[in-house]
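Listed here are the chains, written in short residue letters.
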Amino acid sequence: MKKYLVQFRPFLVFIGTFFAAYIVLTVLYKLYLNSFSTTEVDGITQFVGNNVEHLLEAFGYDVDVQRNIGASGLQVFFQNEYLVRIIEGCNAISVIILFISFVLAFSGKLKATLLYILFGIVLIYILNVVRIALLTVLLFHFPEKGHFLHGVVFPLIIYGAVFILWVIWVNKFSKYAK
């Protein structure tokens, strides 16, 4: 048994670190969410909604993001038409938690790890805001493609970007980089 523990130590350390980080970050996020009532919009989701609104306005669109009265979420009115809802699950925090956990599990030097995590958080956040804005515009023009766009194309883009960030991290900056 000891032979296998020694042989698989790197894998076991990775799995242990990943799950420990994931659980701690998820519990902290859940505690944050629990500070809001079921009809309130959490601050992060509100911030995402504001950024989506500003981005679309910067491109000349008539957009209004409003709190959904009676439910937790935001309503996006695009060209005076209620088009999409932004809920807590749209704020990319779960994806960011997954990203951070992986980078910590394959950690490198402290400074490089922290800077890469910060870079990744900012990039994922920006991609997510662009994702929601593009999804809004595309749903306005192609409402029949809603399920495909929301369920396939945009998750593929966001998770694909996270996967590329992971590959870059492991190959360039982690303690396993050559």
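What comes next is a walk through the structure. (Residues numbered from 1 in each chain as written. Predicted model: local features only at pLDDT ≥ 70, side-chain atom pairs only at ≥ 80, totals over all residues. Heavy atoms only, no water.)

**Some remarks on the sheet that holds strand β1 (residues 63-67)**
- The strand order across the open sheet formed by 3 strands is β1-β2-β3, and the pairing between neighbours is antiparallel. Pairing within the sheet leaves two strands with one partner each, and these edge strands are β1 and β3 (81-86). On average, each strand axis in the sheet is tilted by 25° relative to the strand beside it, whichever way the strands run.
- Relative to β3, strand β2 (residues 74-78) runs antiparallel, the two being bridged by 5 bridges. If you follow L74 over to β3, its bridge partner there is I86. (Pairing = 2+ DSSP bridges. Helix = DSSP H or I, 4+ residues; strand = E, 2+ residues; numbered from the N terminus. Axes fitted to C-alpha atoms, helices over the stretch in contact; angles between N-to-C directions.)

**Notes on the environment of G73**
- Positionally, G73 belongs in the loop between β1 and β2.
- In this structure, the C-alpha to C-alpha distance between G73 and T45, residues 28 residues apart in sequence, is 7.9 Å.
- If we ignore the near neighbours within four places in the chain, the residues touching G73 are V41, Q66, R67, N68, I86 and I87. (Contact = heavy atoms within 4.5 Å.)

**Brief notes about the nonpolar core**
- In terms of nonpolar packing, the biggest core is built from 23 residues, with F99, F102, V103 and I124 touching the most fellow members.
- Of all the secondary-structure elements, those providing two or more residues to this core are α2 (9-34), α4 (93-105), α5 (110-141) and α6 (146-173).
- A per-element tally of this core places α4 first, with 9 residues.
- Not counting residues up to four positions away in its chain, the partners in contact with F102 are F14, F18, W166 and V170.
- Of all hydrophobic cores here, the second largest spans 22 residues; its members include V48, V65, L83 and I132. (Core = buried A, V, L, I, M, F, W, Y, C linked by side-chain atoms within 4.5 Å. Buried < 20%, exposed > 50% of the residue type's maximum accessible area, 1.4 Å probe, protein only.)

**Section: the packing of α4 against α6**
- Between α4 and α6, whose axes approach to 10 Å, the crossing angle comes to 15°. Relative to α6, the element α4 lies roughly parallel. In this structure, the crossing between α4 and α6 has a hand that is right-handed. Contacts from V95, L98, F99, F102 and V103 of α4 reach α6 at Y159, V162, L165, W166, W169 and V170. (Parallel < 35°, antiparallel > 145°, perpendicular 65-115°, else oblique. Left-handed = near helix turned anticlockwise from the far one by under 90°.)

**As for the side chain of S174**
- Mapping S174 onto the fold places it in the segment after α6.
- A polar atom in the side chain of S174 sits 3.0 Å from the backbone oxygen of V170.
- Once residues within four sequence positions are removed from consideration, S174 is found in contact with F106, S107, G108 and W169. (Polar contact = N/O pair within 3.5 Å; in protein donor to acceptor, adjacent residues only side chain to side chain.)

**Regarding unusual backbone geometry**
- With a phi close to 65°, N80 is a non-glycine residue in the positive phi region.
- Relative to the helices and strands, N80 resides in the loop between β2 and β3.
- Phi is positive for A92, close to 70°, though the residue is something other than glycine.

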